[in-house]
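Reading the structure
Listed below are the residues making up each chain.
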Amino acid sequence: MNLTEYVSRLGARLAHLPTHTKVLLAFATSVLLVELAFRRFGPRSKAYARWTKGVEAVGAVWTAVLLSIVYLVSVGPVSVFMKLTRKDLLDRAAGSDPTFWKAHEPNPLGALAAARHQF
Amino acid sequence: MNVLGISCFYHDSAAALLRDGVVVAACQEERLSRKKHDQDFPARAVKYVLKQGGIGPGDLDAVGFYDKPLLKFERMLSTYIATFPRSFGSFRKAMPVWIKEKLWVPSIIRKELRPYKGPILFAEHHMSHAASCFFVSPFEEAAILTVDGVGEWATASFGVGKGNDITLFKEIRFPHSLGLLYSAFTYYLGFKVNSAEYKVMGLAPYGKPVHVDRIMKEIVHLNDDGSFKLNMKYFSYDYGLTMTNGAFSDFFGGPPRKPETWMTEREFDIAASIQKVCEEVVLRMARYIHEQTRLTRLCMAGGVALNCVANGRVIRETPFKELFVQPAAGDAGGSVGVAHYVYNTLGKQPRGPAWTHAYLGPEYDDAEIRGYLDGAGATYRVLSDADVVRETARLIADGNVIGWFQGRMEFGPRALGGRSILADPRDPKMRDTLNMKIKFREGFRPFAPSVLADKASEWFEIDCDSPYMLLVAQVREGKRCIPSVTHVDNSARLQTVTREASPLYYDLIGEFERLTGVPVVINTSFNVRGEPIVCTPHDAYLCFMRTNMDHLVLGHHLLEKKQQPPLREDVDWRTQYELD
Ligand SMILES: [Fe+2]
């Protein structure tokens, strides 16, 4: 398959895409092209700084959305389970124990092997 | 054998280089980046310590990191689960930083230390604190107490150090934390958390500890052995972006004080109360540790060990006869601790000599200083060693305020005569002058004295050394002629100076004594409010020119303010530094 054939096939496939996908693809391509153009022609320009700020703001919104979903889907159910089983991972309940000191448990791997790990 | 210790990603990041068991250099990143309490990877500090050691990253034998990131992450996740759904704000703020940076410590270290290929070793946070004080102490065997905000899970721990080994026995775990309790009150009193806790300590003597019983009854459940639990109903640091909540405000009858607003007896009393509670907890812990270990020597580290009022009481009121507090007791000192832990404990190597000073940072020789001053167009005189001492002492005795920049910079939060502002403690107005016109800081804050070590017990109620300004003692009754370093309760946070540790500084204070009969000078850090202590001649000159200091002594160079040309392209420091 030569290049002309390849391009025309790609064009045909794109033409068959649903409209909203086409719009999204065009938008993403434009963002990429603008970013590349700034990097090439005006990496220190005020316009690029403003553009970066804008894109970062969009990123912050999306991060918040994704983290909200992660929080609800992962932290939420475990928390509900813990509450149902009356377990407190933080040991917050007031107690009348004669001591609140807890034994310092040495790592079972041994000091040197434990030091190679982040846990 | 060269071991690099690194602490970072929480606050006060730092690097330390250990060669054959001796710390060659140690430095906080903030001094080089000029960003107070800088928490980023200490790239500049690493570069400096390696340069000081005359090696590159490839020559390192091991790198130690001061805590266990995954255990910390586990604690955070557990906290989010336990405090769901209130922890959402905290989760959303913390997760991006963890995902981007804090979970990838080994990769970041490898990238920053190219072409280093050796091991990266991790110590528990409180083990790093313990090692940071024990291995540089003069004790072959000692009890160890570490108390801070929080490490991985532990917020306080104790154990014993013997030879090149440390065993930690017990700990208090998050969220029950003396450091965070103190920080919560710091926040409530309108000061910056992880930064201005020492202001609460300075404020305490103005008030009466009227809330102690209420706090002990309702907020802190304290046992005789110093262990405690906090009533988390009053705090929000476990789930939120603030330290205290509405219940805490109700308990003290009002919302947190707004920063920079006027303070009343109410704030003084709250500060006095939490200080008293903090002292009581530390004292009970120390007594219990003595009971458990039967040792008479104690080493302390962790942010709470910077509470010099509590330290002073430990040495006076517990069976411990000797106390060593790491000068960089906060997290910066963790870099020294983990390096020692890797070398001495894991490597089973014998210990090196004990620390006698904390001058472990950058220094600049006369040629470098002169090069800078000439470039800046400064006017100066070059003096001999003897004249530096004579002229500076005379200027201080005449009521001048002096910027004093000599030798290597100190490691840790205190200026100890390497990067200090010096003045006459006899002048009752000097405290206000320094606070308002030079440091631009709150008027209530006291200044600390440097005293000749051999005269310390004559002037202060102390019978041990305090080389790192980490003990508070009363000024003796017959010696109250130094009002500018005497706090309202007649106490002083003193530094004892020996010729062995700091010959030039010792001679300067000695000369001041010859002129005035007083072997004491005011020693405050060389910076303005919110600025990290100066590191380079450039930092020192800028600070000198932007404030009302009268003279600057840079090595052998004496500068008088009146003779200096105006600064070129100066910016207002108030816009450069965030107030602490
Ligand atoms: Fe710590």
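Summarised in this report is the structure supplied together with it. Keep in mind that what you see is a predicted model, and the values were worked out from it rather than measured.

On to the packing of helix H2 (residues 19-41) of chain A against helix H3 (residues 46-84) of chain A, then. All names here are of chain A. Between H2 and H3, whose axes approach to 10 Å, the crossing angle comes to 145 degrees. The handedness of the crossing between H2 and H3 comes out as left-handed. Contacts from Val31, Val34, Glu35, Phe38 and Arg39 of H2 reach H3 at Ala47, Tyr48 and Trp51. When its residues are assigned to classes, the contact of H2 with H3 shows 6 nonpolar, no polar and 2 charged.

Take the interface of chain A and chain B next. The interface is formed by 37 residues belonging to chain A together with 53 residues belonging to chain B. Together chain A and chain B conceal approximately 3,800 Å² of surface at their shared face, both sides included; 65% is due to carbon and sulfur atoms. Contact with chain B buries area across many residues of chain A, yet A:Tyr71, A:Trp101 and A:Gln118 alone supply 25% of it, more than any other trio. Where chain A meets chain B, there are 1 salt bridge. Between A:Asp91 and B:Lys229 there is a salt bridge, with the nearest N and O atoms lying 3.1 Å from each other. Where chain A touches chain B, the interface holds 25 residue pairs in polar contact (both at pLDDT 80 or more). Mapped onto the side of chain A that touches chain B, the elements with two or more residues apiece are H3, strand E1 (102-103) and helix H4 (111-115) of chain A.

The strand order across the open sheet built from 6 strands is E1(A)-E8(B)-E7(B)-E6(B)-E11(B)-E12(B), with neighbouring strands paired in mixed fashion. Whereas interior strands pair on both sides, the edge strands pair on one side only; in this sheet they are E1 of chain A together with strand E12 (322-325) of chain B.

Turning to the packing of aromatic side chains, a few remarks are in order. Residue and element names in this part refer to chain B. All chains considered together, the criterion is met by 31 aromatic pairs over all chains. Summarising the aromatic geometry, the rings of tyrosine 188 and phenylalanine 248 are spaced 5.0 Å apart at their centres and angled 70 degrees between planes, so their arrangement reads as edge-to-face. Taken together, the residues span a long stretch of sequence, with tyrosine 188 in helix H7 (residues 178-188) and phenylalanine 248 in helix H10 (residues 246-251) at a distance of 60 residues. For the pair tyrosine 188 and phenylalanine 248, one class covers both residues: buried. Taking 5.7 Å as the distance between ring centres and 35 degrees as the angle between the ring planes, the aromatic pair formed by tyrosine 206 and phenylalanine 268 counts as tilted.

Definitions and cut-offs
- For every chain, the first residue of the written sequence is number 1, and numbering continues from 1 onward in sequence order.
- Lettering of chains starts at A and numbering of ligands starts at 1, both following the order in which they are written.
- Where totals are concerned, whole chains, interfaces and linings use all residues; where local detail is concerned, this predicted model gives features only for residues with pLDDT of at least 70, and gives and counts side-chain atom pairs only at 80 or more.
- Working from all heavy atoms in the structure, the side-chain values ignore hydrogens and water.
- Under this scheme, a helix contributes an axis fitted over its contacting stretch, all axes are lines through C-alpha atoms, and angles between N-to-C directions fall in the 0 to 180 degree range.
- Think of it this way: any DSSP run of H or I at least four residues long counts as a helix, any run of E at least two long counts as a strand, and we number them from the N terminus.
- Note on convention: the crossing is left-handed when the near helix lies turned anticlockwise from the far helix by less than a right angle, right-handed when the turn is clockwise.
- Whether two residues are in contact is decided by their heavy atoms, any of which lying within 4.5 Å being enough.
- Lys, Arg, Asp and Glu make up the charged group, whereas Ala, Val, Leu, Ile, Met, Phe, Trp, Tyr, Cys and Pro make up the nonpolar group; the residues left over, Gly among them, are polar.
- As a working definition, buried area equals the accessible area (1.4 Å probe) given up by two parts on being put together, with both sides summed.
- We define a salt bridge as a side-chain nitrogen of Lys or Arg found within 4 Å of a carboxyl oxygen belonging to Asp or Glu.
- For this analysis, a polar contact is any N or O atom pair within 3.5 Å, provided that within protein one partner can donate a hydrogen and the other can accept it, and provided that sequence-adjacent residues contribute only side-chain to side-chain pairs.
- We call two strands paired when DSSP finds no fewer than two bridges between them.
- Centres within 6.5 Å are what make two rings of Phe, Tyr or Trp a pair, Trp counting through its six-membered ring; a difference in plane orientation under 30 degrees is then read as stacked, over 60 as edge-to-face, and the rest as tilted.
- Buried, partly exposed and exposed residues are distinguished by accessible area as a fraction of the type maximum, computed with a 1.4 Å probe on protein chains only: under 20%, between the cut-offs, and over 50%, respectively.

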